[in-house]
Structures are given as C-alpha cells and as structure tokens.
Amino acid sequence: MINIGIDVGKFKHCACVMNDSTGEILKDSFFFDNNQEGFQLFYSLIRPYLNRKHKAGMEDTGHYGNNLINFLLKKNVTVALINPRATNLRRRQLGQNAKNDRKDAQLITQMLTDNQLWRSVSKTSMKYRELRDITRLYHQLKEQKNEFQNRLQKALDIVFPEINSLPWTAYSNRYMDIILAYPSAAIIASTDIRSLRKILDGNGRGRKPKLTADDLKKAAKNSIGDGQNSASELEVQAMVTIITSMDSQIKTLENKIEEFSSELDSPITSIPGIGPITGMTILSEIGDIQNFHSAAGIVSYAGMDPGRRQSGIYDAKHLPISKHGSRYLRKALYQAIFTVASYEPTFHLYYNHKMDQGKLYRCAQGHAVRKLIRVIYKLLSTNTQYNPDLIK
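**Focus: the side chain of Glu344**
Of note, Glu344 is situated in the loop between α13 (327-343) and α14 (345-356). Notably, Glu344 is buried but unbridged: the nearest opposite-charge side chain belongs to Lys371, and the N-O separation is 8.0 Å. Of the polar contacts made by the side chain of Glu344, one reaches the backbone nitrogen of Phe347; its length is 3.0 Å. Only 2.9 Å separates the side chain of Glu344 from the side chain of Tyr386, close enough to count as a polar contact. Contacts of Glu344, omitting those with residues within four sequence positions, involve Pro272, Tyr386 and Pro388.

Structure representation (structure tokens):
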C-alpha cells in the first residue's frame with residue numbers, strides 16, 4: 001500500500017509519499033501550488049506510485065482541499081479524509097511541539113496506515129458534500145434572518161410599539177411594504193390616507209389584512225413612539241430590505257434542496273414527519289453511510305452519545321450528551337423528532353414511555369433521537385423505505 005499524505009493550504013499544498021508496509025519514505029515532503037499547474041505537477045510526481053494499491057489523504061478541514069479532491073477523483077486516485085482532531089492528538093502523543101507543513105504532511109502519511117483514522121471519499125460523497133453546503137447555507141440564512149427580525153422589532157418598539165397589536169400578520173408582504181415606505185408612527189400619521197390604502201387594499205402579493213388604512217392611521221396618531229428618531233427609522237428600512245432579500249435567497253435554496261430530495265429519493269423522507277429540508281439536512285450531514293459501521297457511529301458523530309466518567313470507585317453516569325461532531329445534524333435530528341413523535345405512533349409511544357419513566361423533556365427527546373438514528377441507519381444501509389411494522 002502506498003500512502004500519499006497532503007497538508008492542505010490556501011495557496012500551497014505539501015505532500016509526502018510513504019510505503020505503508022515498510023514505513024519507508026519514497027518521496028520526501030514537496031510543495032505544489034493550489035492551481036491547475038500545481039495539480040498537474042503533483043499528479044506527475046505521484047503517478048509512478050499509482051499503479052499499486054494506494055490512497056491519498058488529507059485533513060477534513062474546510063474548503064481549501066475541495067478542488068484538489070475533485071481533481072484526484074477525476075484521475076481515479078483513491079482519496080481519504082482524516083479528522084483533524086485525530087492528527088492533533090497524534091502530534092501531542094509524539095511530543096511534536098513544532099508544527100510546519102512538511103512535518104504535517106509526513107504525519108498525515110503515517111496516520112493513513114490506521115484504517116480507523118480515515119474515511120474514504122467518492123464522487124457520491126462529494127455530491128453529499130455539495131448538498132451539505134447548500135443545507136448549511138440554508139440554516140445559516142434562517143438564523144441570520146431571525147437576528148435581523150429581532151433588530152427590526154427593537155427598532156419598531158422605539159418608533160411604533162403598537163404596530164404588532166394591529167390585526168395583521170407580522171412580516172407579511174403588506175406589513176413589510178408599509179414599514180419600508182413609512183418606517184415610523186409619526187410618518188404614517190402624517191401620510192395621506194390614499195397612499196396607505198394603495199398598499200393595504202391594492203393588488204399586491206398575499207392576502208389582504210383585516211387592518212384598514214383608517215385604523216392604521218388612527219393607531220399611528222395615538223402611538224407613543226418616538227417621532228424624532230431618524231436612526232431607528234433608517235434601521236427599520238434597512239432591516240426590511242435585508243429580510244426581504246434573504247427571503248428570496250432562502251426560497252431559492254429551498255427549491256434546490258427539494259430538487260436534491262427528488263433526485264436522491266432517500267429512505268429518510270419516507271419516515272412520517274420528516275420533510276425534504278430536514279431529511280436532506282440529515283442525509284447530507286451523515287454523507288456516505290458506508291463510512292459508519294453501526295448506528296452508534298452516527299450517534300457519536302451527532303454528539304448524541306451520553307457522557308460518562310469513571311475512575312476507580314468514582315462513576316459519574318448521568319452527564320450531558322457530548323455535543324461533539326456536527327451541530328447541524330444534531331439540530332436537524334431534534335427538529336425531526338418533534339414531528340416524528342407527533343405523527344408516527346411507534347415513536348409517539350416510545351417518547352411517552354420515557355416521559356412516564358420520569359425523565360425530563362429534553363432527556364426523553366434524546367432517547368427518541370437515538371432511536372430515530374438507529375432507524376435511519378437501518379434504512380440507509382439497506383436502502384429500504386420506512387415500514388412501521390418492523391419498528392420495535
């Protein structure tokens with residue numbers, strides 16, 4: 001077996017070639033640029049070793065190595081990814097205080113000898129990675145949108161605190177159109193009633209609210225809002241513009257995720273209560289199911305494994321979950337179990353059973369999530385649709 005270790009960088013990569021059987025360094029650490037010329041140089045230098053069983057490995061540390069991975073896969077090179085936490089631990093075990101690219105490339109090469117420290121990468125897994133990037137961007141935009149909505153409400157509390165008590169839906173199209181055009185109670189109160197009617201009663205997007213222009217103008221005139229705060233008015237308009245733009249971007253991502261869901265037709269979405277967004281988030285975070293030898297591996301990767309510390313007679317059993325691994329996977333699983341436990345009878349009974357045992361709400365959820373992971377692992381590893389009759 002030939003091991004090719006690569007230390008990935010932004011502008012340059014460093015590689016090393018070793019004979020796995022003998023530990024002999026066949027080609028000492030060398031650098032190549034992160035561009036087409038550099039990739040071709042790298043391939044020419046390792047090509048003599050590719051006629052034997054081999055693997056080229058690197059740390060799974062972000063996006064800098066993506067283009068190199070795609071290049072190697074097109075050349076039919078076997079690619080592996082190593083958890084960077086494992087390399088850091090190995091470096092400390094070896095007492096290597098000095099850290100540089102050449103030493104790191106050699107360390108990665110050595111770690112490829114242990115099959116438990118790396119996972120293989122394929123064109124399919126890169127497809128999952130693309131989906132993962134899309135779902136993560138989706139959830140990040142949703143979180144950011146929530147932050148901007150909080151800022152909008154803060155500004156509205158200053159210039160028109162009564163606005164959300166009126167009979168219309170916050171963040172609806174007409175709600176946003178009104179506060180974008182007239183960002184305070186003082187401005188609304190001084191605006192011609194016909195201009196307000198044009199927005200509220202016009203043929204705009206969405207349903208018409210029960211709120212009339214007269215009621216809006218009356219509420220604005222009686223408002224205690226600060227009519228002289230131009231900073232808050234500008235913030236209202238800025239937040240509305242940003243939120244509206246983000247809504248459009250989020251919708252585009254939703255459509256793309258649903259396209260992936262239809263294309264992949266994953267068994268995960270056959271579970272009652274799991275839709276395309278949550279299902280594709282879970283699938284993309286897990287990736288290739290062949291990288292996990294059991295459901296316990298996914299439990300650990302999601303950070304859902306219960307903590308425990310034991311030494312001698314000391315045994316602390318009831319500790320929080322580890323929360324290692326993917327926070328996106330963990331969050332998606334918690335979101336999924338909320339609906340699955342509502343719509344799927346077996347999970348509903350299991351969750352209620354844990355609550356009847358006296359477990360706290362979050363603890364009972366955790367048990368249900370781990371059961372859901374076991375089901376998901378079975379469905380993905382056998383490529384079968386969900387069947388409630390087979391769930392115990």
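**Details of helix α8 (residues 193-200)**
The periodicity of an α-helix, 3.6 residues per turn, causes residues three or four places apart in sequence to face the same way. The set of residues buried in α8 consists of Ile193, Leu196 and Leu200. For α8, the arc enclosing every buried residue in end-on projection is 65 degrees, short of the 170-degree limit, so these residues lie on one face. In α8, those exposed residues whose orientation departs by more than 90 degrees from the buried face are Arg194 and Lys198. Where the residues of α8 are buried, they touch α6 (173-181), α7 (185-189) and α9 (213-221). Looking at where α8 begins, the residue whose side-chain oxygen comes 2.8 Å from the main-chain nitrogen of Arg194 is Asp192.

**Quick word on the pattern of salt bridges**
Enumeration according to the criterion identifies 14 salt bridges in this entry. Here Asp60 and Arg129 are joined by a salt bridge, their closest N and O atoms 3.0 Å apart. Of this pair, Asp60 sits in the loop between β4 (54-59) and α2 (66-74) while Arg129 sits in helix α5 (residues 123-159); the two residues are 69 residues apart in sequence, bridging distant segments of the chain. Among the salt bridges present, the one from Arg136 reaches Glu285, with a minimum N-O distance of 2.8 Å. Here Glu285 lies in helix α11 (residues 276-286) and Arg136 lies in helix α5, a separation of 149 residues in the sequence. Arg136 sits in the partly exposed class, given a relative accessible area of 21%. Taken together, the shared-partner salt bridges in this structure form one network comprising Asp60, Arg119 and Arg129.

**Description of the environment of Pro84**
Tracing the backbone shows Pro84 in helix α3 (residues 84-93). Residue Pro84 is classed as partly exposed on the basis of its relative accessible area, which comes to 22%. Residues Pro84 and Ile108, 24 residues apart in the sequence, show an inter-C-alpha distance of 9.6 Å. Beyond its immediate sequence surroundings of up to four residues, Pro84 is in contact with Glu59, Asp60 and Thr61.

**A closer look at the sheet that holds strand β6 (residues 118-121)**
Spatially, six strands are ordered β3-β2-β1-β4-β5-β6 in an open sheet, and the strand pairing comes out mixed. Edge strands, defined here as strands with exactly one partner in the open sheet, are β3 (25-33) and β6. In this sheet, adjacent strand axes meet at a mean angle of 25 degrees when their direction is disregarded. Relative to β4, strand β1 (residues 2-7) runs parallel, the two being bridged by five bridges. Bridge assignment links Gly5 to a residue of β4, and that residue is Gly57.

**With respect to unusual backbone geometry**
Positive phi outside glycine occurs at Tyr171, with the angle close to 70 degrees. With respect to the helices and strands, the residue Tyr171 is situated in the loop between α5 and α6. In this structure, Asn383 is a non-glycine residue whose phi angle is positive, near 55 degrees. Given the relative accessible area of 60%, Asn383 is considered exposed.

**Quick word on the nonpolar core**
Grouped burial of nonpolar side chains is what soluble globular proteins tend to show. Ranked by size, the top nonpolar core spans 43 residues in total, and within it Ile271, Ile282, Ile286, Ile298, Leu333, Leu372 and Ile376 carry the most contacts. Mapped onto this core, the elements with two or more residues apiece are α5, α10 (230-264), α11, α12 (295-301), α13 and α15 (361-382). For Ile271, the residues in contact, after removing those within four places along its chain, are Val340, Leu372, Val375, Ile376, Leu379 and Tyr386. Judged by nonpolar contacts, the second largest core, of 27 residues, contains Val159, Tyr182, Leu200 and Leu216.

**Considerations on the packing of aromatic side chains**
All told, the structure shown has eight aromatic pairs when counted by the stated rule. Ring geometry for Phe39 against Phe71: centres 5.3 Å apart, planes inclined by 45 degrees, an arrangement best described as tilted. Within this pair, whereas Phe39 is found in helix α1 (residues 36-46), its partner Phe71 is found in helix α2, the two being separated by 32 residues in sequence. With respect to burial, Phe39 and Phe71 carry one shared label: buried. An aromatic cluster is defined as three or more aromatic residues linked by ring pairs; in this entry it consists of Phe30, Phe32 and Phe42.

**With respect to the confidence of the model for the chain**
Summarising the model, the chain shows a mean pLDDT of 90, and 95% of its residues fall at 70 or more. α7 holds the highest mean pLDDT among the elements of the chain, 97, whereas strand β7 (residues 306-311) holds the lowest, 61.

Criteria and thresholds
- Residues numbered from 1 in each chain as written.
- Predicted model: local features only at pLDDT ≥ 70, side-chain atom pairs only at ≥ 80, totals over all residues.
- Heavy atoms only, no water.
- Helix = DSSP H or I, 4+ residues; strand = E, 2+ residues; numbered from the N terminus.
- Buried < 20%, exposed > 50% of the residue type's maximum accessible area, 1.4 Å probe, protein only.
- Lys, Arg positive; Asp, Glu negative; His and termini not counted.
- Salt bridge = Lys/Arg side-chain N within 4 Å of Asp/Glu carboxyl O.
- Polar contact = N/O pair within 3.5 Å; in protein donor to acceptor, adjacent residues only side chain to side chain.
- Contact = heavy atoms within 4.5 Å.
- Arc of directions from axis to C-beta.
- Pairing = 2+ DSSP bridges.
- Axes fitted to C-alpha atoms, helices over the stretch in contact; angles between N-to-C directions.
- Core = buried A, V, L, I, M, F, W, Y, C linked by side-chain atoms within 4.5 Å.
- Phe/Tyr/Trp six-rings, centres within 6.5 Å; stacked < 30°, edge-to-face > 60°.
- pLDDT = per-residue confidence, 0-100.

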